[in-house]
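Chain residues, written in single-letter form:
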Amino acid sequence: MKKLILVCVLCIAVYCTTHSQNSIQRTSKEKDKSASIKTSDFTLGQNEFLLNGKPFLIRAGELHFPRIPRAYWDHRIKMLKAMGMNTVCIYLFWNLHEERMDSFDFSGQKDVAAFVRLIQSNGMYCIVRPGPYACAEWDMGGLPWWLLKKKDIKVRSKDDSFFMDRSGKYLKEVGKQLSSLQIQKGGPIIMVQVENEYGAFGKDGDYMEVTRKNVLAAGFDRVQLMRCDWSSNFNNYQTAPSVAVTLNFGAGSDIDKQFELFKKLHPSAPLMCSEYWTGWFDNWGRPHETRSINSFIGSLKDMMERRISFSLYMAHGGTTFGQWGGANSPPYSPMVTSYDYDAPIDEQGRPTEKFFAVRDLLKNYLNPGEKIGVMPTPLDVIEIPKITFTKSANIFNNLPPAKKSKSIMSMEMFDQGWGRINYRTNLTASTVPRKLVVTEIHDWASIFINGKLVGNIDRRRAENTIEIPPVPNNAVLDILVETTGRVNFGEAIIDRKGITEKVEIQEGDHYEELTDWSSYSFPVDYTFQSNVLFKNEPALGPAWHKANFILNKTADTYLDLSTWGKGMVWVNGHNIGRFWKIGPQQTMFVPGVWLKKGNNEIMVLDLEVPAQRTVMGLNRPIVDRIVPDASLLVRKKGQKLDLTSMIPVLKGKFDDRKNWKDVMFKNAISGRYFCLEATTSILDKDVTSAIAELQIIDNENHLISTQKWKVIYADSEEMTAANHAADRIFDNQESTFWQSQYIGGTTQHPHQVVIDLGAEYQIKGFRYLPRSDKNKTGMIKDYNIYISVSPFKM
Ligand code: GLA
Ligand code: CA
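The numbers attached to residues start from 1 for each chain and follow its sequence in the written order. Whichever chain is written first becomes A and whichever ligand is written first becomes 1, with later ones labelled in order. The predicted nature of this model means local features are confined to residues of pLDDT at least 70 and side-chain atom pairs, given and counted, to a pLDDT of 80 or more, with totals for whole chains, interfaces and linings taken over all residues. Derived side-chain values reflect all non-hydrogen atoms in the structure, with water molecules and hydrogen atoms excluded from consideration.

Grouped together as the largest cluster of nonpolar side chains are 123 residues, with contacts concentrated most on Ile-90, Leu-92, Leu-178, Leu-300 and Leu-312. Residue contacts for Leu-312: discarding those within four places in its chain leaves Ala-60, Gly-61, Glu-62, Met-83, Met-85, Tyr-276, Thr-278, Phe-296, Leu-300, Pro-344 and Val-358. The term nonpolar core refers to a set of buried residues drawn from Ala, Val, Leu, Ile, Met, Phe, Trp, Tyr and Cys, joined through side-chain atoms within 4.5 Å. Throughout, exposure labels follow a simple rule: accessible area from a 1.4 Å probe, protein chains only, divided by the maximum for the residue type, with under 20% read as buried, over 50% as exposed, and the rest as partly exposed. Grouped together as the second largest cluster of nonpolar side chains are 28 residues, Val-663, Leu-676, Trp-709 and Val-753 included. Two residues qualify as a contact provided that any one of their heavy atoms is within 4.5 Å of a heavy atom in the partner residue.

Before going further, it helps to spend a moment on the pattern of salt bridges. We define a salt bridge as a side-chain nitrogen of Lys or Arg found within 4 Å of a carboxyl oxygen belonging to Asp or Glu. The full count for this structure, using the stated rule, is 55 salt bridges. With a closest N to O distance of 3.0 Å, Arg-129 and Glu-275 form a salt bridge. Of this pair, Arg-129 sits in strand β6 (residues 125-129) while Glu-275 sits in strand β10 (residues 272-277), and the two are 146 residues apart along the sequence. Among the charged side chains, a network of salt bridges with common partners joins Asp-458, Arg-460, Arg-461, Glu-463 and Asp-629. Secondary structure elements are taken from DSSP: a helix is a run of H or I of four residues or more, a strand is a run of E of two residues or more, and numbering for both begins at the N terminus.

Before going further, it helps to spend a moment on the side chain of Ser-309. Looking at the element boundaries, Ser-309 is found in strand β11 (residues 309-313). Judged by relative accessible area, Ser-309 falls into the buried class, the value being 2%. Whenever two N or O atoms come within 3.5 Å, that pair is a polar contact, provided that in protein one can donate a hydrogen and the other can accept it, and provided that, for residues adjacent in sequence, both atoms are side-chain atoms. There is a polar contact of 2.8 Å between the side chain of Ser-309 and the backbone nitrogen of Ile-58. Here Ser-309 is in contact with Phe-49, Phe-56, Leu-57, Ile-58, Leu-271, Met-272 and Cys-273, once residues within four sequence places are set aside.

This paragraph deals with the sheet that holds strand β17 (residues 420-427). Adjacent strands of a sheet pair through backbone hydrogen bonds, lying either parallel or antiparallel. Two strands form a pair only when DSSP identifies at least two bridges running between them. An order of β16-β25-β17-β22-β19-β20 is seen for the six strands of this open sheet, with the pairing classed as antiparallel. Strands with a single pairing partner mark the edges of an open sheet, and in this sheet they are β16 (403-405) and β20 (452-458). The mean angle between the axes of side-by-side strands here comes to 25°, regardless of whether they run parallel or antiparallel. Inspection of the sheet shows β17 paired to strand β25 (residues 517-522) by five bridges, in the antiparallel sense. Paired with Asn-422 across the two strands is Tyr-520, which belongs to β25. Axis lines are fitted through C-alpha atoms, for helices just across the contact stretch, and the angle between N-to-C directions can take any value from 0 to 180 degrees.

Turning to helix α8 (residues 255-265), its buried residues number three or more, namely Ile-255, Gln-258, Phe-259 and Phe-262. When α8 is viewed along its axis, its buried side chains cluster within an angular range of 80° and face the same direction. Lining the buried residues of α8 we find β9 (244-250), β10 and α9 (293-305). A distance of 3.3 Å separates the backbone nitrogen of Asp-256 from a side-chain oxygen at the start of α8, and that oxygen is part of Asp-254. This arc is taken over the directions from the axis of the helix to the C-beta atoms.

In the contact formed by helix α3 (residues 73-83) and helix α5 (residues 112-121), the axes pass within 10 Å of each other and the chain directions differ by 40°. Classified by the interaxial angle, the pair formed by α3 and α5 is oblique. Here α3 and α5 pass one another in a crossing that is right-handed. Counted together, Trp-73, Asp-74 and Ile-77 of α3 and Ala-114, Phe-115, Leu-118 and Ile-119 of α5 form the full contact between these two elements. Each residue receives one of three labels: charged for Asp, Glu, Lys and Arg, nonpolar for Ala, Val, Leu, Ile, Met, Phe, Trp, Tyr, Cys and Pro, and polar for the others, Gly being one of them. When its residues are assigned to classes, the contact of α3 with α5 shows six nonpolar, no polar and one charged. Note on terminology: angles under 35 degrees are roughly parallel, angles over 145 are roughly antiparallel, angles of 65 to 115 are roughly perpendicular, and the others are oblique. Each crossing is labelled by how the near helix is turned from the far one, with a counterclockwise turn of less than a right angle marking it left-handed and a clockwise turn marking it right-handed.

This is the structure we're talking about:
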């Protein structure tokens with residue numbers, strides 16, 4: 001009986017929240033009933049979340065509405081419900097809603113209130129994460145690029161009044177859209193997040209407090225607030241006690257370990273994993289990421305058994321259309337366009353094996369009165385026969401008006417947010433080859449002299465120089481810079497685009513800065529592209545290519561771009577994102593709702609010359625075909641580290657726990673090159689070594705900045721099964737790790753990694769984090785540390 005009453009109360013609560021917006025005529029009996037129920041509420045209880053005073057386990061899935069065409073929003077929400085979710089977790093990206101300062105847009109594809117109401121009409125709850133910072137592999141983590149016009153801008157800091165003022169204004173606009181949808185006011189919003197993983201960035205509790213107050217002032221004054229961090233850093237700063245603290249971690253995590261410290265510090269708080277990473281994102285030029293179903297489901301089951309609330313990040317990732325993809329750093333690693341994420345629901349909205357595994361698990365753990373949703377009909381896919389491009393327009397024949405400046409400037413200073421920029425100046429004569437030194441290329445440049453391609457500079461490889469041939473006087477130098485995403489995570493987030501500082505000509509020891517630039521901006525909006533002048537012949541250089549094609553049926557498709565170089569695609573005016581031949585992504589998702597019966601238009605901007613000017617629509621994606629690139633491996637062919645003449649500064653042994661391990665030397669040691677050599681593994685027969693993160697401590701007990709670090713040697717890297725590149729030991733992501741080769745490998749101990757710190761330091765110690773999932777393979781036992789001022793012999 002008790003159960004029955006509870007079911008009724010819940011049903012009525014859902015009914016009220018669903019219909020309170022509409023003026024529905026009710027019978028007097030119904031009126032009486034609803035009058036006796038207090039408005040809905042969601043609060044923190046003793047070790048439980050409480051929905052209307054009753055324990056409630058949140059089973060949330062994350063969706064990003066800008067990564068899903070609006071026409072599919074309802075379908076994706078229904079898919080989440082069918083997977084067993086009762087809540088949808090969403091981010092808002094500030095830069096999407098305020099592309100230009102003071103001009104806010106919450107319409108059409110950006111209509112977040114419509115998305116939240118759709119969640120409610122599907123009988124689900126909602127967690128809102130408005131930022132101001134989000135991360136999410138989104139350009140600048142959601143911060144607007146125009147903040148970078150302020151030369152000394154500090155972001156995510158209360159010390160910058162411009163940042164605080166602008167982020168406060170933005171939050172107020174979010175409040176206008178969503179505050180009436182708090183659960184206490186009849187909406188579906190049960191929690192609102194303040195900031196995002198601030199512990200991975202700073203320790204400034206005051207900044208978080210001001211931001212919390214800004215969220216309150218925006219009108220989110222009734223709803224439960226929360227924040228999210230990692231188990232290793234949630235205690236880096238404090239927030240008001242009313243803010244729920246939640247943790248983020250990945251597939252395969254040891255749940256008890258993750259909450260160990262948290263439970264000590266917050267013994268009566270409800271437990272929640274606010275981002276349980278179902279898969280991972282992909283970077284251009286790096287192997288496709290997946291996370292196994294077993295490890296993912298195993299830890300999810302552990303959470304259910306312990307009544308831990310969760311949100312699947314991502315439940316369905318979708319697509320990072322347009323120019324919105326971000327990047328990680330160091331090293332600079334831009335994101336691909338697909339945000340499939342190896343999530344349970346794939347890029348096109350179809351259920352994967354992971355989806356069914358989640359559904360099978362969750363049906364055993366529903367809250368009283370809950371039902372798993374019915375699966376909506378999957379959306380169609382079509383193949384499109386080969387389309388041949390006949391029209392082209394060379395970039396250099398379509399230069400927009402020049403902007404003149406004495407010294408070179410980043411594109412933000414020309415009021416350009418994204419796209420490409422060409423810098424032009426003249427060179428003096430030289431009879432010998434010289435070097436062009438560019439500080440810094442953000443992010444990939446083609447260098448032309450008198451219209452002829454000399455070569456490329458690629459920021460991913462930390463390149464900054466190229467040799468140029470002898471030239472006559474007044475030769476025209478063009479540096480055409482193609483931007484990929486702005487860094488969305490960590491210290492390097494101030495990431496201006498184009499050329500950030502200067503360009504010099506180097507002859508021997510002599511450097512001369514080039515000046516008197518003409519700069520040409522190529523923005524990403526379709527209006528700009530549609531004004532270029534096409535000719536009925538293939539262009540030879542960087543160019544736009546255009547074609548029309550007829551469809552008698554429309555549905556989703558994956559355009560195969562594998563014969564093209566690097567650039568961007570627009571279909572019927574929709575910017576569907578970036579492509580790059582290096583992979584792993586070779587196809588681009590085109591939603592059927594953006595195609596038309598009859599005539600369609602496709603435009604490709606390629607900075608290189610395509611091998612074939614054709615595309616086809618496939619009925620399946622190719623997101624895992626990487627062009628192998630030995631030059632990206634840190635060990636050159638035949639190279640071997642020779643430590644025979646060196647004496648280790650320390651011989652040590654790590655324990656088998658998964659925590660950060662701090663090791664201090666007796667005295668500080670001068671050095672620029674740091675080598676960790678692993679000689680045995682924790683597991684007996686294990687011949688591999690893995691490191692999730694490595695930090696180095698100077699003689700003032702500060703962590704040395706990783707911005708200038710470079711891995712210059714690793715005896716091997718697993719780049720077939722997954723992305724276990726050596727540089728993952730300082731990508732600031734605890735869930736990614738370097739591992740020596742284990743597929744087809746014949747690797748043996750010792751395993752070594754050598755880091756060039758970029759400058760000489762007094763080194764007092766280091767910190768090591770083993771791979772952080774449950775798996776112990778690769779965990780290091782015995783090790784040696786070598787430090788040197790000059791490079792090791794190899
Ligand atoms: C963190 C962030 C998310 C996202 C994931 C990785 O947890 O909070 O926005 O960047 O990492 O996908
Ligand atoms: Ca890492």
